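# Structure at a glance
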Amino acid sequence: MFKALMVNKDDEGKTSAAVTEIGLDDLPEGDVTVAVEYSTVNYKDGLCIGPGGGLVRNYPHVPGIDFAGTVEASDDARYKPGDKVVLTGWRVGEVHWGGYAQKARVKADWLVPLPDGLSTQQAMAVGTAGFTAMLAVMALEDHGIKDGPVLVTGAAGGVGSVATAILAHLGHEVAAVTGRPETAEYLKGLGATQIVAREEINETTKRPLEAEAWGGCVDAVGGEMLARLLGQIKYGGSVAAVGLAGGAGLPATVIPFLLRGVNLLGIDSVMQPYDNRVRAWNRIASDLPMDKLETMIQPATLADLPQLGKDILKGQVKGRVVVDVNA
Ligand code: NDP
């Protein structure tokens, strides 16, 4: 038997989450059984643990949209017992049981071998949020980052923290947008050269075009923030749109696209093909300074998850929550 955070739904549709003991026979079907070492808390996990169950498609359910650990058993020639692996995406933790357990059974296709130089704990300090940040940076690079500071919104959160550290390491000036002024020193430690208050973007005039200010942007916030910053991107620059922490609406005009050739690049981490996932993880191992990653880590256990799920939905988590499932 082993420990898992199980989410249940009662006859009235009310969900509850509790740490419980389950066995290997309870796990869903898959080619590879993994002894999970670490998982994380992402915004989506907050939705899945919280009331209503968010994106969970079947109950009872083990959430956790990512994990890293060691292969225990494998029916697939690509993996053998003892191999270190990492998983993000593929609706694990929503449709298929995820990483909030000491063991997981998944399809081999969903896994990636842990890149050299990264421990399972470091891989989960990165996790889905950091993996997505890397995809966003790669998308900006593919379209060309213009001169001048690169804007990162929701900067003190998971995606924002990792994006800030990667962009700074790559030599870009980073303007970190945050609604929490108390995180300024933390963000400067990650390499941000400029701290921008949330209101400075949100409360600009609602003209479709403002002065050209930013060479590109990783946006984790969406909504009003994304609508406003589109009009501030330099000619031909790009915005990698990652998230909707500030709202799913987009009260923008087409003017920045028409008159400034701005590119809006949608980033999806869930259905990334294997080769892209390997490429992104290898870039993470080479372009994300591990000392900066250390400063992002907030350690947690399975028992902490119900509260942390609430915190992340309120935008109160700083950096990355790393869950030691064996603690
Ligand atoms: P976090 O909660 O860690 O970070 C989000 C940050 O956004 C907060 O820390 C806060 O930063 C800011 N924020 C929160 N609420 C608001 C608001 N109302 N207005 C403006 N800013 C706000 O979440 P993650 O970084 O893990 O995820 C960010 C977004 O990206 C989520 O929407 C998530 O679902 C999405 N996502 C998408 C993925 C994809 O594949 N496309 C993968 C992973 C995440 P601050 O305090 O600094 O302002």
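Residues numbered from 1 in each chain as written. Predicted model: local features only at pLDDT ≥ 70, side-chain atom pairs only at ≥ 80, totals over all residues. Heavy atoms only, no water.

## Points about the side chain of Gln-102
- Along the chain, Gln-102 turns up in the loop between strand E5 (84–88) and strand E6 (103–106).
- For Gln-102, a relative accessible area of 16% gives the class buried.
- At a separation of 3.3 Å, a polar atom in the side chain of Gln-102 contacts the side chain of Asn-326. (Helix = DSSP H or I, 4+ residues; strand = E, 2+ residues; numbered from the N terminus. Buried < 20%, exposed > 50% of the residue type's maximum accessible area, 1.4 Å probe, protein only. Polar contact = N/O pair within 3.5 Å; in protein donor to acceptor, adjacent residues only side chain to side chain.)

## Re helix H8 (residues 274–287)
- Taking 1.5 Å as the rise per residue, H8 with 14 residues should run 20 Å; its terminal C-alpha atoms sit 20 Å apart, in good agreement.
- Among the residues making up H8, those that are buried are Arg-277, Ala-280, Trp-281, Arg-283, Ile-284 and Asp-287. Viewed end-on, H8 has its buried residues packed into an arc of 160°, placing them on one side of the element.
- Looking at the buried positions of H8, the neighbouring elements they touch are E5, strand E7 (111–113), helix H2 (120–143), helix H3 (158–169) and helix H9 (290–296). (Expected span 1.5 Å × (residues − 1). Arc of directions from axis to C-beta. Contact = heavy atoms within 4.5 Å.)

## A look at unusual backbone geometry
- A cis amide bond links Tyr-59 with the next residue in sequence, Pro-60, at an omega value of -10°.
- Along the chain, Pro-60 falls in the loop between helix H1 (43–49) and strand E4 (66–74).
- Here Trp-90, not a glycine, exhibits a phi torsion of approximately 60°, which is positive.
- Secondary-structure assignment places Trp-90 in the loop between E5 and E6.
- On the accessibility criterion, Trp-90 (23% relative accessible area) is partly exposed.
- With a phi close to 65°, Arg-91 is a non-glycine residue in the positive phi region.
- When you line up the elements, Arg-91 lands in the loop between E5 and E6.

## Considerations on the domain arrangement of the chain
- Domain annotation for the chain reports domain 1 (2–114 + 290–324) and domain 2 (128–266).
- The C-alpha centroid of domain 2 is placed 29 Å from the C-alpha centroid of domain 1.
- Of the residues lining the interface, 14 residues belong to domain 1; the matching set on domain 2 comes to 17 residues.
- Across the domain 1 to domain 2 interface the summed buried area is about 1200 Å²; carbon plus sulfur atoms make up 59%.
- When the buried area of domain 1 at its contact with domain 2 is split by residue, Lys-292, Met-296 and Lys-318 rank highest and sum to 39% of it.
- Taken together, domain 1 and domain 2 are joined by 6 residue pairs in polar contact (both at pLDDT 80 or more).
- Each residue belonging to the side of domain 1 that touches domain 2 can be placed in one class, and the counts come to 4 nonpolar, 6 polar and 4 charged. (Domains from an automatic or database assignment. Buried area = accessible area lost by both parts, 1.4 Å probe. Nonpolar A, V, L, I, M, F, W, Y, C, P; charged D, E, K, R; others polar.)

## Some words on the site of the ligand
- The environment of the ligand is formed by 27 residues, the closest being Thr-178, Gly-179, Arg-180, Ile-267 and Ser-269.
- Here an oxygen atom of the ligand sits 3.5 Å away from a polar atom, N or O, in the main chain of Gly-157.
- Ala-245 places a polar main-chain atom, nitrogen or oxygen, 3.3 Å from an oxygen atom of the ligand.
- For the ligand, whose free accessible area comes to 910 Å², the fraction covered by protein is 87%.
- Considered class by class, the residues forming the shell around the ligand number 14 nonpolar, 10 polar and 3 charged.
- Split by domain, the shell around the ligand shows at least three residues from each of two domains, domain 1 (2–114 + 290–324) and domain 2 (128–266). (Near = heavy atom within 4 Å. Areas by Shrake-Rupley, 256 points an atom, 1.4 Å probe, with all protein chains shown as cover.)

## Some words on the nonpolar core
- One finds Val-86, Val-218, Trp-281, Ile-284, Leu-288 and Met-296 to be the most contacted residues of the largest nonpolar core, which totals 49 residues.
- Those elements giving two or more residues to this core turn out to be H2, strand E8 (150–152), H3, strand E9 (174–178), helix H4 (184–189), H8 and H9.
- Examining the composition of this core, we find that 14 residues originate from one element, H2, more than from any other.
- A domain split of this core shows at least three residues from each of domain 1 (2–114 + 290–324) and domain 2 (128–266).
- Look past the residues within four positions of Leu-288 in its chain and what remains in contact with it is Val-126, Val-162, Ala-165, Ile-166, Arg-283, Leu-293 and Met-296.
- In terms of nonpolar packing, the next biggest core, distinct from the first, is built from 35 residues, Val-32, Val-36, Ala-108 and Leu-111 among them. (Core = buried A, V, L, I, M, F, W, Y, C linked by side-chain atoms within 4.5 Å.)

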